[in-house]
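# A closer look at the structure
This is what each chain is made of:
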Amino acid sequence: MKVEISENIKYIGASVYDLDLFESQYIVPNGMAYNSYVILDDKIAIMDTADEIVSEQWLNNLKSVLGGRKPDYLVIQHLEPDHSANIKTVIDLYPEIKVICSARAKAMMPQFVDINDEQVIAENEGDTLELGKHTLTFVMAPMVHWPEVMISYESSEKVLFSADAFGKFGAIDADEGWSCEARRYYFNIVGKYGAQVQAVLKKAAALDIKTICPLHGPILTDTIPQVLELYNTWSSYEPEDEGVFIAYASIHGNTAKAAVKMKEMLESKGCPRVAIADLSRDDIAECVEDAFRHSTLLCMASSYDAGVFAPMADFIHHLKSKAFQNRKVAFVENGSWAPSAARTMKAEFEQMKNITFVGDTVTIKTTLKPADISALEKLADEIK
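Further remarks concern the pairing of strand β15 (residues 274-278). Of all five residues in β15, four are buried; the element is thus mostly enclosed. For strand β14 (residues 241-249) and β15, the ladder comprises five bridges, and the chain directions are parallel. Note on β15: the bridge partner recorded for I246 is I276. In this fold, β14 hands off to helix α8 (residues 254-268), which returns the chain to β15; that crossover is right-handed.

Now the structure itself:
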């Protein structure tokens, strides 16, 4: 797919469509884009390289855009291997090129590539790079989502090269909306660093941005206000939607039946939005996304080994590692002889920020009985 940005800013990235897992953990049914750009002017700047799995296509795109010219600069905004795998390739092809990056990236560079230290120029907040009609201003963005990250603003065309910020899962030509896969991408990859994202958003607010060029996902233009608003909500750890996400972990199916019953009850009581997921089978990254999206989380799990069934323990671990906070949480446990799931789950959530526990814990002994139905009804009334 040919991606058009402008006469002087060219897309040289590439997509893969058969990737089994991104970062060896995230399902990407619509592939993955590895974006890279070139600014053509009196001097030429390559904006990041790409993952080794797209090296051949990326290099062909680069040579096609250059048309025999030699680039002057390679700007490295993010050193993660899916963006830096071709640094050595560029240096070998163009040995006089200067590598531009943050001071932290320069210090980390030897971990990724054997490079002459004098070839690397470290930039600081607000430093500029003149290319001719185009000028890049560098903005430091540490921990969005690595410590060495910087983003670059090109003032003549008002383009923000945003590194991993504002990216999403999916190939560059994936036929899907931005928000769903961007939300899953954000909370699972960047989500822990909300304060740092907030700092970058404040810097971005001072810029007149007409185009955002991220390292993953589509080029953003008309939707920028909505994208910035969502990023502000996500990085503030505020719910995007009022509603309940039911996350259940069921061994033999009885807890699953209770979860389905709770969904029916909540919907019948007018809960504005109800989502449900089987933690044993559904994509854990989507479950994390839904937990952050909704205002209330209902955890329903079987007891296991005097604790909680492993899929629920894993889910809560993911939430904790991504700084889950500012939510209401309720519990339903199942245990045939010594229920232990609720206390185990609650102990984990007590270590998270601004978690409000709502309703009384409902304890089911193996199968749903009339008294359990009444208890679930009461809980539904309290959390809807």
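For the bond running from V144 to H145, omega is 5°, close enough to zero to count as cis. One can find H145 in the loop between β10 (135-140) and β11 (150-154). Despite not being glycine, M143 shows a phi value in the positive range, around 65°. Backbone geometry at D305 places phi at a positive 50°, although glycine is not the residue there. As for its position among the elements, D305 is in the loop between β16 (294-304) and β17 (307-308). The exposed category is assigned to D305, whose relative accessible area is 70%.

Further remarks concern α8. Here α8 spans 21 Å end to end across 15 residues, near enough to the 21 Å set by a 1.5 Å rise per residue. Among the residues making up α8, those that are buried are T255, A256, A258, A259, M262, M265 and L266. Looking at the buried residues of α8, the elements they touch are β14, β15, β16, β18 (325-334), β20 (362-364) and α12 (370-383). Following α8 by one or two positions, G270 adopts a phi angle in the positive range, close to 85°.

In the case of a regular strand, side chains alternate between the two sheet surfaces. Among the six residues in β10, five count as buried, and that is most of the element. Bridge count for strand β9 (residues 128-130) against β10 is three bridges, and the pairing is antiparallel. Bridging from a neighbouring strand, T128 pairs with T137 of β10. Between β9 and the antiparallel strand that follows it, β10, lie four residues; G132 among them carries a positive phi value of about 140°.

What follows covers the nonpolar core. In terms of nonpolar packing, the biggest core is built from 96 residues, with L297, M312, F315, F324 and F349 touching the most fellow members. It is helix α5 (residues 179-190) that contributes the most residues to this core, six residues altogether. Ignoring any residue separated from it by four or fewer positions in sequence, one finds M312 in contact with A247, Y248, A249, L279, C299, M300, A301 and M345.

Here we come to the sheet that holds strand β13 (residues 211-213). Each strand in a sheet pairs with its neighbour through backbone hydrogen bonds, running either in the same direction (parallel) or in the opposite one (antiparallel). The strand order β9-β10-β11-β12-β13 describes an open sheet built from five strands, whose pairing is mixed. Lying at the two open borders of the sheet, with one neighbouring strand each, are β9 and β13. With direction set aside, neighbouring strand axes in the sheet form an average angle of 20°.

All told, the structure shown has 23 aromatic pairs when counted by the stated rule. Both rings, one in F166 and one in Y231, keep their centres 4.5 Å apart while their planes meet at 45°; by these two values the pair is tilted. One end of the pair, F166, is in the loop between β12 (159-161) and α5; the other, Y231, is in helix α7 (residues 224-235), with 65 residues separating them in the sequence. Both residues of the pair, F166 and Y231, belong to the buried class. Pairing Y304 with F309 gives two aromatic rings, centres 5.6 Å apart and planes at 50°, and the pair type is tilted. Among the aromatic side chains, those forming a connected cluster through ring pairs are F166, W178, Y186, F187, Y231, W234, Y237, F292, F324, F331, F349 and F357.

Here is what the cut-offs are and how they apply
Residues numbered from 1 in each chain as written. Predicted model: local features only at pLDDT ≥ 70, side-chain atom pairs only at ≥ 80, totals over all residues. Heavy atoms only, no water. Buried < 20%, exposed > 50% of the residue type's maximum accessible area, 1.4 Å probe, protein only. Helix = DSSP H or I, 4+ residues; strand = E, 2+ residues; numbered from the N terminus. Pairing = 2+ DSSP bridges. Right-handed = clockwise from strand over helix to strand, strands pointing away. Expected span 1.5 Å × (residues − 1). Contact = heavy atoms within 4.5 Å. Core = buried A, V, L, I, M, F, W, Y, C linked by side-chain atoms within 4.5 Å. Axes fitted to C-alpha atoms, helices over the stretch in contact; angles between N-to-C directions. Phe/Tyr/Trp six-rings, centres within 6.5 Å; stacked < 30°, edge-to-face > 60°.

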